[in-house]
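# Observations on the model geometry
Spelled out, the chains give:
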Amino acid sequence: MTEIATASVGQYENRQAIAERLEALAIELRTISDDEMQTVPTESTLLALAGKIYSARRQVDEIFGMVGFAVSPAWDIMLDLYKAKAKGRPISVTSASIGAACPATTALRWLQALETMGLIQRREDGHDRRRIEIMLTDSAMVKMVKALETHL
């Protein structure tokens, strides 16, 4: 065999070995569950994420016109109400208070503030007149979409 032919055969064998190894790795990857796969973010990735979270919180405050809104129980209530509306299920005052992860009296004050701001509305439960349901207003939905987009 000539040197060129020998080199070609060697390159082919090398490529074949790489292809076989890649196939074996692909099979191994398919057998690993998502729970087992963990990625370690780089410092620059974490730094970028911290900047994004910081910026998004400030933008949420600006959208709702209140400094600290993004770190208040009000934001948790708004997120809960947004999810509930998307799922088509009503939220009671009691449920919203629990979702706010704060004392009930604090949650009730925030609900009153959100209502005063025109972000939520209350209505009687059609099945149980003792219960009051709360929901986002149309203008609150517009603000929620804007606020959530800042996190993307």
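Because the structure is a prediction, the values reported are computed rather than measured. (Residues numbered from 1 in each chain as written. Predicted model: local features only at pLDDT ≥ 70, side-chain atom pairs only at ≥ 80, totals over all residues. Heavy atoms only, no water.)

Before going further, it helps to examine the environment of Arg-109. Inspection of the secondary structure puts Arg-109 in helix α5 (residues 104–116). When the C-alpha atoms of Arg-109 and Ser-97 are compared, they prove to be 9.9 Å apart, with 12 residues separating the residues in sequence. (Helix = DSSP H or I, 4+ residues; strand = E, 2+ residues; numbered from the N terminus.)

Along the chain, Pro-90 falls in the loop between α3 (73–87) and β1 (91–92). Put simply, Pro-90 and Ile-132 are 42 residues apart on the chain and 9.7 Å apart in space, counted from C-alpha to C-alpha.

What follows is about a nonpolar patch on the surface. Judged by side-chain polarity, Ile-18, Leu-22 and Leu-25 come together as a nonpolar surface patch covering roughly 260 Å² of accessible area. Within the fold, Ile-18 resides in helix α1 (residues 3–31). (Patch = residues over 30% accessible without salt bridge, like charges linked within 9 Å, V, L, I, M, F, W, Y side chains within 5 Å. Areas by Shrake-Rupley, 256 points an atom, 1.4 Å probe, with all protein chains shown as cover. Salt bridge = Lys/Arg side-chain N within 4 Å of Asp/Glu carboxyl O.)

This paragraph deals with the packing of α3 against α5. Running from N to C, α3 and α5 cross one another at 70 degrees; their axes reach a closest spacing of 9 Å. By the criterion of interaxial angle, the relationship of α3 to α5 is roughly perpendicular. Seen from α3, the contacting residues are Pro-73, Ala-74, Ile-77 and Met-78; seen from α5, they are Thr-106, Ala-107, Trp-110, Leu-111 and Leu-114. Taken together, the residues that form the contact of α3 with α5 break down as 8 nonpolar, 1 polar and no charged. (Axes fitted to C-alpha atoms, helices over the stretch in contact; angles between N-to-C directions. Parallel < 35°, antiparallel > 145°, perpendicular 65-115°, else oblique. Contact = heavy atoms within 4.5 Å. Nonpolar A, V, L, I, M, F, W, Y, C, P; charged D, E, K, R; others polar.)

When pLDDT is averaged along the protein chain, the result is 87; 88% of the residues meet or exceed 70. When mean pLDDT is taken per element in the protein chain, helix α6 (residues 138–149) scores highest with 96 and α1 scores lowest with 71. (pLDDT = per-residue confidence, 0-100.)

Attention now goes to the sheet that holds strand β3 (residues 132–136). Pairing is antiparallel in the open sheet, where 3 strands are placed in the order β1-β3-β2. The sheet terminates laterally at β1 and β2 (120–124), the two strands that pair on one side only. Where β2 meets β3, 5 bridges bridge the pair, whose relative direction is antiparallel. Residue Arg-122 lies in a different strand from β3, and its bridge partner there is Ile-134. (Pairing = 2+ DSSP bridges.)

Summed over the entire model, instances satisfying the criterion amount to 3 aromatic pairs. Ring geometry for Phe-64 against Phe-69: centres 4.4 Å apart, planes inclined by 15 degrees, an arrangement best described as stacked. As far as burial versus exposure is concerned, Phe-64 and Phe-69 are alike and both buried. Put simply, the rings of Phe-64, Phe-69 and Trp-75 pair up and form one aromatic cluster. Sitting above the plane of the Tyr-54 ring, Arg-58 keeps its charged end 4.2 Å from the centroid. (Phe/Tyr/Trp six-rings, centres within 6.5 Å; stacked < 30°, edge-to-face > 60°. Buried < 20%, exposed > 50% of the residue type's maximum accessible area, 1.4 Å probe, protein only. Lys NZ or Arg CZ within 6 Å of the ring centre and 35° of its normal.)

Moving on to the pairing of β3. For β3, the buried fraction is high: 4 of the 5 residues fall into the buried class. Bridging between β1 and β3 involves 2 bridges; their strand directions are antiparallel. Each residue of the ladder has a partner; that of Ser-92, found in β3, is Glu-133.

Let us now look at the pattern of salt bridges. This model, assessed by the stated rule, comprises 6 salt bridges. The closest approach of N and O atoms between Arg-129 and Glu-124, which form a salt bridge, is 3.2 Å. With a relative accessible area of 42%, Glu-124 lands in the partly exposed category. Arg-131 is the salt-bridge partner of Asp-125, the closest N and O atoms lying 2.8 Å from each other. Assessed through its relative accessible area of 7%, Asp-125 is described here as buried. Residue classification places Arg-131 among the partly exposed residues on the basis of a relative accessible area of 32%. Through salt bridges that share partners, Arg-123, Asp-125, Arg-131 and Glu-133 make up one connected network.

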